[in-house]
Amino acid sequence: DPLFAQILRRRTHRGDYDLQRPIDPAAWQAMAQAAATPGLRFGFTESPADLARHRAIANEAWRIELTTPAAMLESLKVLRVGAAEVRQHRDGLTLLDPKVEWLVKLGLFDRNRAPGADDLATRQQIEGFAAHLATTPAFLWLVSEGNGRATQVAAGRAYVRLQLAATAFGVYMQPLQQALQEYAEVAGPYRAVRELLQAPAPTHTVQMWARVGHAPAIAPAPR
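An account of the accompanying structure is given in this report.

Calculation criteria
Residues numbered from 1 in each chain as written. Predicted model: local features only at pLDDT ≥ 70, side-chain atom pairs only at ≥ 80, totals over all residues. Heavy atoms only, no water. Helix = DSSP H or I, 4+ residues; strand = E, 2+ residues; numbered from the N terminus. Expected span 1.5 Å × (residues − 1). Buried < 20%, exposed > 50% of the residue type's maximum accessible area, 1.4 Å probe, protein only. Arc of directions from axis to C-beta. Contact = heavy atoms within 4.5 Å. Polar contact = N/O pair within 3.5 Å; in protein donor to acceptor, adjacent residues only side chain to side chain. Axes fitted to C-alpha atoms, helices over the stretch in contact; angles between N-to-C directions. Parallel < 35°, antiparallel > 145°, perpendicular 65-115°, else oblique. Left-handed = near helix turned anticlockwise from the far one by under 90°. Nonpolar A, V, L, I, M, F, W, Y, C, P; charged D, E, K, R; others polar. Salt bridge = Lys/Arg side-chain N within 4 Å of Asp/Glu carboxyl O.

1. A closer look at helix 6 (residues 120-134)
In step 1: Over its 15 residues, helix 6 runs 21 Å from end to end, which matches the ideal 21 Å to within 8%, given 1.5 Å per residue.
In step 2: If you check which residues of helix 6 are buried, you get Thr 122, Phe 129 and Leu 133. Along the long axis of helix 6, the arc covered by the buried residues comes to 35°, so they all point the same way. Those residues of helix 6 that are exposed and angled more than 90 degrees off the buried face are Leu 120 and Glu 127.
In step 3: Looking at the buried side of helix 6, the elements it contacts are helix 2 (48-66), strand 4 (138-145), strand 5 (172-175) and strand 6 (204-213).

Dropping the structure here:
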């Protein structure tokens with residue numbers, strides 16, 4: 001399978017993308033072919049009007065997650081700060097910022113307490129995510145009929161295949177899961193993204209939603 005050659009090159013890129021470099025139509029075609037699965041619909045958009053709606057939903061969902069203590073604590077519990085923790089755990093979220101590592105060593109960064117909505121760290125993350133999102137030239141999605149376990153696994157396989165196909169064209173992507181979650185606080189973005197992607201409940205499910213674009217090369221994740 002030609003996709004196999006891309007396995008070690010596949011990356012999730014969470015930084016800025018190049019707005020001046022559109023996705024090659026051949027790349028979209030390759031992604032669509034790689035994702036083709038019965039009961040699963042692949043879609044994408046590069047329309048400026050659509051991009052504004054996608055960005056607005058993603059930004060609001062991200063803000064809600066960062067300001068909802070229970071949701072933040074889920075992430076903080078699997079946050080690996082510094083090279084030593086990354087080597088020990090090999091999973092979760094990686095943070096290699098030396099300043100944060102020193103805060104942990106000094107006991108000034110408590111991962112058992114969610115930061116406040118007005119804390120500097122929270123505001124910086126909200127602003128940083130919005131800045132990255134503003135550089136996004138395209139979004140893609142996978143919508144399924146139903147949501148059984150076999151359907152979920154098939155959707156996961158389809159996403160990996162389409163990402164491998166994109167990698168061959170130098171295209172990166174980043175999944176946006178915040179608006180796809182099902183806790184009460186995020187109900188607004190959850191509804192909005194379903195309406196935007198024509199995935200009415202309970203018959204359809206948005207299995208994957210991601211930003212897409214070209215970007216400078218990055219190193220692989222620790223795991």
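2. Describing the side chain of Arg 11
In step 1: Among the structural elements, Arg 11 can be located in the segment before helix 1 (25-35).
In step 2: Polar contacts involving the side chain of Arg 11 include one to the main-chain carbonyl oxygen of Ile 218, which spans 3.2 Å.
In step 3: Residues contacting Arg 11, with those up to four places away along its chain left out, are Gln 163, Tyr 172, Met 173, Ile 218, Ala 219 and Pro 220.

3. Here we look at the packing of helix 1 against helix 7 (residues 149-167)
In step 1: Look at helix 1 against helix 7: their axes get within 8 Å of each other, and the N-to-C directions meet at 155°. It follows that helix 1 is roughly antiparallel to helix 7 by the angle criterion. You can see that helix 1 and helix 7 cross each other, and the crossing is right-handed. Along its contact with helix 1, which presents Ala 30, Met 31, Ala 34 and Ala 35, the element helix 7 presents Ala 158, Arg 161, Leu 162, Ala 165 and Ala 166.
In step 2: Considered class by class, the residues forming the contact of helix 1 with helix 7 number eight nonpolar, no polar and one charged.

4. Description of the pattern of salt bridges
Between side chains of opposite charge, a pair can form when the charged atoms approach closely.
In step 1: All told, the structure shown has four salt bridges when counted by the stated rule.
In step 2: With a closest N to O distance of 2.8 Å, Arg 63 and Glu 60 form a salt bridge. Taken as a pair, Arg 63 and Glu 60 lie in helix 2 at a separation of three residues, close to a single helical turn.
In step 3: According to the relative accessible area criterion, Glu 60 is partly exposed, its value standing at 32%.
In step 4: Two residues, Asp 91 and Arg 80, come together in a salt bridge whose shortest N-O distance is 2.9 Å. A residue pair is termed long-range when its members are at least 10 positions apart, and Asp 91 in the loop between helix 4 (82-89) and strand 3 (93-95) and Arg 80 in strand 2 (residues 79-81) qualify at 11 residues.
In step 5: The class of Asp 91 is partly exposed, set by a relative accessible area of 35%.

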